[in-house]
Amino acid sequence: MITMNGVLKIARPSVSSLIPMLLLAACTVGPNFVRPTPPVPAHWSARATQPPVAQDPQSSPQSRFPMSGVTERSADLNAWWSTFDDPMLTSLIERATSSNLDLRTAMLRIDEARTQRAISAAAYWPKLSVDAAYSRQRLSDTTPTGSLFNSVGNLRLPGGAGISIPNPYNQYQLSADASWEIDLFGRVRRSVEAADANVQVSVEDQRSVLVSILADVAQNYLELRGAQARLHTAKENLATVEELLDLTRQRRAAGLTTYIDVSNAAAQATATRAELPAFELQITQHINQLSQLLAREPEALRGELDSAAPLPSVPADVAIGLPAEVARRRPDIREAEANLHAATAQIGVAVADLFPRLTLAANGGFQSETAGKLLEWASRFGSIGPTLDVPVFDRGRWKTVRLYDVRAQEAALAYQRTVLNALHEVENAIAAYGADQQRRRWLDATVTENRDALTLSRQRYETGLSNFIDVLDAERSLQQNQLSLDDSTTAVTTDLVGLYRALGGDWH
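Residues numbered from 1 in each chain as written. Predicted model: local features only at pLDDT ≥ 70, side-chain atom pairs only at ≥ 80, totals over all residues. Heavy atoms only, no water.

A. Layout of the layout of surface pockets. Size it by volume and the largest pocket reaches roughly 640 Å³. Around the largest pocket, the lining is made up of 32 residues, and of these Arg64, Phe65, Ala229, Asp486 and Thr489 lie nearest the centre. Broken down by secondary-structure element, the contributors of at least two residues to the lining of the largest pocket are helix 6 (187–253), helix 12 (395–462) and helix 13 (468–503). It is helix 6 that contributes the most residues to the lining of the largest pocket, seven residues altogether. Here the lining of the largest pocket is built from residues that sort into 14 nonpolar, eleven polar and seven charged. (1 Å grid on protein atoms, 1.4 Å probe; cavity = no way out; pocket = protein on both sides within 12 Å on 5 of 7 lines; lining within 4 Å. Points joined across faces, edges and corners; volume = space filled by probe spheres on them. Helix = DSSP H or I, 4+ residues; strand = E, 2+ residues; numbered from the N terminus. Nonpolar A, V, L, I, M, F, W, Y, C, P; charged D, E, K, R; others polar.)

So this is what it looks like as structure tokens:
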């Protein structure tokens, strides 16, 4: 209102001032997303963080392998694979991050989600289209409209002038249409919010893929080294058995033993030799799996991985952080949270559809019977004005709100389930890491005893104080426990990889 000379006048708002007023009056309906607080305990279970061996020295076997425990110290998982101090493993992981096909696909899904977000955000802007048209039309003489046109076209005005309405006739048109939906109740804003959340979903999915790929590369590499170690052990066992076979043959030639002992020794050598192809197959499978993870053809990495190398050792202790840190770090939990955010925003989109829509529209251009007069001022036409679409009764829209509300409830349960699964995975990974270390210590002590037993039984056999069955039993026990020790050593390193995977790995 403006007061001039004591007279009250009302100022008419212009279009430029009306739009900001409409935007200020706009609101956003639907529930606002509240980031959930992960339902996690303050600490890991006491059993998970206790030392992996008993404190009583009498109950702990002598072993070459030091024990590695876990602590709740804040975890820095940046390049966690570097804790193994293996340059080949580091090289494989670096190549996988740039070439793995699943990872590249996940990155494309991020671009796809971002493009979809841009499409949703385009609704903020007016729509403008320009078209040019030509048509030749003829009205039927037997219809009311065509009959009227023909009769008018035959009229003679006073003075001899006539009215000419051709039928058929040409029509040229050059026009533009513009429309802009005023987001009064936040339908567009909620759509963009949901799209932003879906972008985050794709980002976290890519991080989950990255964590999985890095862990898969490390696990296959360590299992490859484990298979090579088992092959080496089997070859050493074969050499020992063949040496024992030669000794038995010599004693048989000297008449100090029977042919039965020679047959038993030969059977043991044959059985040991039969184990070699299985270990060679495992080596080939792991090399090919690593080649696939690096998007290479089969056998592509044979040249650099075929030579055996020792399994890397594990660190003295592993920092895992608190449960709350895992809940913030794991990509699958963050993805579940983003899914919940998107589902909540979709409720707002559905609720906004229950409210009126205000659209500003304009249409104008030139229209003429002949192309020469198309751009004349007299050929102009146009219209401008707002359109208010008020839904009165649409049961489907009400049901849509219910649909998205149920989906949001499902997303909330999925979030809780993901957090719970993560806690169980970490606890189980810690338990496996400790249990396999204990098993390895006992097997290491057992192998030491087996070697002593084999040495004594051979000495007694060579001096005639023991029979050959005792030597074979000692040799079989040593072979079995040596291979079990190799399996356990591999399991300890892969358990640590599994623990890093469960903690959320490194996705930077």
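Picking up where we left off.
B. Representation of the packing of aromatic side chains in the model. Counted under the stated rule, the structure contains four aromatic pairs. A centroid spacing of 4.8 Å and a plane angle of 40 degrees characterise the contact between Tyr134 and Tyr172, whose relative ring orientation is tilted. With Tyr134 in strand 4 (residues 127–137) and Tyr172 in strand 5 (residues 169–182), the pair connects residues that are 38 residues apart, well separated along the chain. Judged by its relative accessible area of 47%, Tyr134 falls in the partly exposed class. Residue Tyr172 is classed as partly exposed on the basis of its relative accessible area of 23%. An aromatic cluster of three or more residues is present, and its members are Trp80, Trp81 and Tyr500. (Phe/Tyr/Trp six-rings, centres within 6.5 Å; stacked < 30°, edge-to-face > 60°. Buried < 20%, exposed > 50% of the residue type's maximum accessible area, 1.4 Å probe, protein only.)

C. A look at helix 8 (residues 276–293). For helix 8, which comprises 18 residues, the first-to-last C-alpha distance of 26 Å matches the rise-based estimate of 26 Å (1.5 Å per residue) to within 8%. Regarding helix 8, the residues found buried are Leu276, Phe279, Ile283, His286, Ile287, Leu290, Ser291 and Leu293. Buried residues along helix 8 sit in contact with helix 3 (87–99), helix 6, helix 7 (259–274), helix 9 (302–305) and helix 13. Positive phi shows up at Ala295, right after helix 8, with a value of about 60 degrees. (Expected span 1.5 Å × (residues − 1). Contact = heavy atoms within 4.5 Å.)

D. Summary view of empty space enclosed by the protein. A full pass over the atoms with the stated rule returns one cavity of 30 Å³ or more. Put simply, the largest cavity is a space of about 60 Å³. Lining the largest cavity are Glu181, Ile182, Asp183, Leu184, Phe185, Gly186, Arg187, Ala352, Phe355, Pro356 and Arg357. Considering only residue class, the lining of the largest cavity consists of six nonpolar, one polar and four charged.

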